Amino acid sequence: QNWKPLEDRQCTDILWLLLFAIFNIGMLFICGFAISTGAASRLISGYDSYGNICGQKNGKIPGIELSGQDQTSKKYVFFLDPCNVDVVRRKIKSMALCVSSCPEAELQTYEDLKKFAESNGSYLCSYELNPSTYPTDPNRATKCPKLPVPPSKSLPVFHRCTPADIACYSKFAEALITFVSDNSVLHRVIAGVMTSKEIIMGLCMLSLVLSIILMALIRFISAVLVWLLTAIVVLGSLGGTGVLWWLYVDHRVSANTTLPASELQVAEDNQKALLIYAIAATVFTIVLLLLMFFMRKRVALTIALFRVASKVFGHLPLLVMQPFWTFLTLMLFWVYWITVLLLLGTAGNPVKNNQTGLVEFQMAEPLQYMVWYHAVGLIWVSEFILACQQMTVAGAVVTYYFTRDKSQLPLTPIVSSAMRLMRYHLGTVAKGAFIITLVELPRLILTYIHSQLKGSENACARCMLKACVCCLWCLEKCLSFLNQNAYVATAINSTSFCTSARDAFIILAENALRVATINSVGDFVLFLGKVLIVSCTAFAGVLALNYQREYTVWVLPLIIVCIFAFLVAHCFLSIFEMVVDVLFLCFAIDTKYNDGSPGSEYYMDKALMEFVESSRKAEAEGKRAAVLFFLLLCTVLPKKIV
């Protein structure tokens, strides 16, 4: 392949663009079908166990005695036992009724139910029961709510009476997290999250601010950032480990055995959590120090790499905003996808359950195929959006790299790259996203099957499924890396996906050691940045939660904060990592087809040239030292033999 950066531009993979367009037309057809045949009012307003939609007049359902009622004044759905969850069928195993208002105070007796109905006309027992007979009716155990009735509030938009009691939420989680055997621990963990929700939100905002600050540091002080990050992470890891051990000892020494049983149990849980955190931090610090010891000689080479990447961000400041646009687009698509899925769920027909006599809405077989089609669309379109981000970033960086006179750059290279993508290369992006979908879909199916086999006696089948999932995961990561470089090749040469993937693979194979060395060091430094953000956020969380040691269980709040901090840091630093990968593929192409002679000048930046020269000098000095050592051996060994 004769590389001609930015010279010719043509449409690529048009057939795949047509296939992707046809597929999306199919998804729009499913959306229209769900809207036209599905009862959106059942989704928003809710319905009772007799098929009546709350807040409106209803038609009679054959065979259902209490159907077809006028529920205009009854706008809220009330569950007789809202905490009884069927995890397998993903629904509440309770009779549902339409009521005019949700009980805002706890109702402890059937007499309270009677007074509540008489005072505001909201009947909490089944429709055939008269409120005056609530305390004496023989069917009240099955036709009336489980006592005591917890206070509840209506959800915004969706008119469901939701219990306001934390204990009920913990029972929801208890039903979902089946591996937790100690229910009291789970109750305290959920209560801890609810108690410290303000702290969790504040720490999540802190991680966002730290990520933005780190991006600013990468841009303005790239020369010292590597060593600064290295020192801060080492000191932070050592300091954080020391603080965790100090807090553990402090909690253990200050433990008061005269506390009530509930508070004493919380204190013991905090001690166990601190001990686990301290041990994990110690192991992590030791591993981190060993990694930095073995990579200390390569860290200096990364400074030049970051200097070039920081120049890219200086000329292309809109690159920093790319994660926001991608995240916003994904959120909008996921909201649309979930809405259509819920509408499909309401498109079923009412069927009487012979065991309970209540109404259930079941999907017909054609609707199930639509759900599968919709599920494939979730993966393909999501991967398409992520691939568009990669192609846009690649096009902007390629334009920067192969433009000799930087003053001739477009006013907004990132916007120009996005327009070029939409005009020429949407088919290439659709094809790359489809390849990832072909691998990801069976992996997700096998992962689901593996989760369903947990606890079964067929250990061999579970082991084989796990091995297949791991192999598919590795294949997906390899294809994702190749796809990203194929997009770069398409941005440079305007070739189809397969041609670009082949050319990029050849270039990477020819420069495997160089690219592997530079990328490993760069990825390691960016990993240190992620570790720094997570460590600072977790450290701030430990200090903040330390003021609520009597009331809060630390385990889940810290885990939530650390996961969010890592995701935020990953979103920001992944753009920098992407820029680094694009720069080095451009660099490999540049060094292969140019030698710096007149008429074949390098496109690369001077800082990158200095990096190359320093690498060559280091390699030459290493060879010279090896030759001298060999000559010394040849001189000394014969004398000793004689």
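Residues numbered from 1 in each chain as written. Predicted model: local features only at pLDDT ≥ 70, side-chain atom pairs only at ≥ 80, totals over all residues. Heavy atoms only, no water.

Engineer: Which parts of the structure should I look at to understand the overall build of the protein?
Structural biologist: Looking only at helices and strands, one finds 19 helices and eight strands in the protein. Counting across all 642 residues of the protein, residues that qualify as buried make up 42%. Accessible area for the protein stands at about 33,700 Å²; split by element, carbon and sulfur atoms hold 67% of it. (Helix = DSSP H or I, 4+ residues; strand = E, 2+ residues; numbered from the N terminus. Buried < 20%, exposed > 50% of the residue type's maximum accessible area, 1.4 Å probe, protein only. Areas by Shrake-Rupley, 256 points an atom, 1.4 Å probe, with all protein chains shown as cover.)

Engineer: So what exactly am I meant to see when it comes to the state of the cysteines here?
Structural biologist: Here, the word disulfide means a covalent bond between the sulfur atoms of two cysteines. Taken as a whole and judged by the stated rule, the model has three disulfides. Each sulfur of the disulfide joining Cys102 and Cys161 lies 2.0 Å from the other. Around the S-S axis, the bridge from Cys102 to Cys161 shows a dihedral of about -80° and counts as left-handed. One end of the pair, Cys102, is in the loop between β4 (96-99) and α3 (110-120); the other, Cys161, is in strand β6 (residues 161-163), and 59 residues separate them in sequence. When sorted by exposure, Cys102 lands in the same class as Cys161, which is buried. (Disulfide = S-S within 2.5 Å.)

Engineer: Could you clarify how one ought to interpret the UniProt feature "transmembrane region" (unreviewed entry) in the protein in this entry?
Structural biologist: Following the UniProt record, the feature "transmembrane region" (unreviewed entry) maps to residues 14-35, 199-218, 225-248, 274-294, 324-344, 371-402, 524-545 and 551-573 here. The span residues 14-35 shows a helical share of 100% and a strand share of 0%, and its end C-alpha atoms are spaced 31 Å apart. The straight-line gap between the two end C-alpha atoms of residues 524-545 is 31 Å; of that span, 100% is helix and 0% is strand. (UniProt positions renumbered as here; feature names shortened; annotations may be inferred.)

Engineer: Got a minute to help me understand the pattern of salt bridges in this structure?
Structural biologist: Side-chain pairs of opposite charge can arise where the charged atoms are in close proximity. Here the structure, examined in full by the defined rule, presents four salt bridges. Among the ionic pairs, Arg443 bridges to Glu476, the shortest N-O distance being 2.8 Å. Note that Arg443 is positioned in helix α14 (residues 413-452) and Glu476 in helix α15 (residues 459-493), a separation of 33 residues in sequence. By relative accessible area, Arg443 is classed as buried at 14%. Looking at Glu476, the relative accessible area reads 8%, which means it is buried. (Salt bridge = Lys/Arg side-chain N within 4 Å of Asp/Glu carboxyl O.)

Engineer: What is the right way to look at the packing of helix α1 (residues 14-37) against helix α12 (residues 322-345) in this model?
Structural biologist: Think of two packed helices as two axes; the pair is described by the angle between the axes and how far apart they sit. With their axes 8 Å apart at the nearest point, α1 and α12 run at an angle of 50° to one another. In terms of axis orientation, α1 runs oblique to α12. In this structure, the crossing between α1 and α12 has a hand that is left-handed. Listed contacts from α12 to Met27, Leu28, Ile30, Cys31, Phe33, Ala34 and Ile35 of α1 are Phe333, Tyr336, Trp337, Val340, Leu343 and Leu344. (Axes fitted to C-alpha atoms, helices over the stretch in contact; angles between N-to-C directions. Parallel < 35°, antiparallel > 145°, perpendicular 65-115°, else oblique. Left-handed = near helix turned anticlockwise from the far one by under 90°. Contact = heavy atoms within 4.5 Å.)

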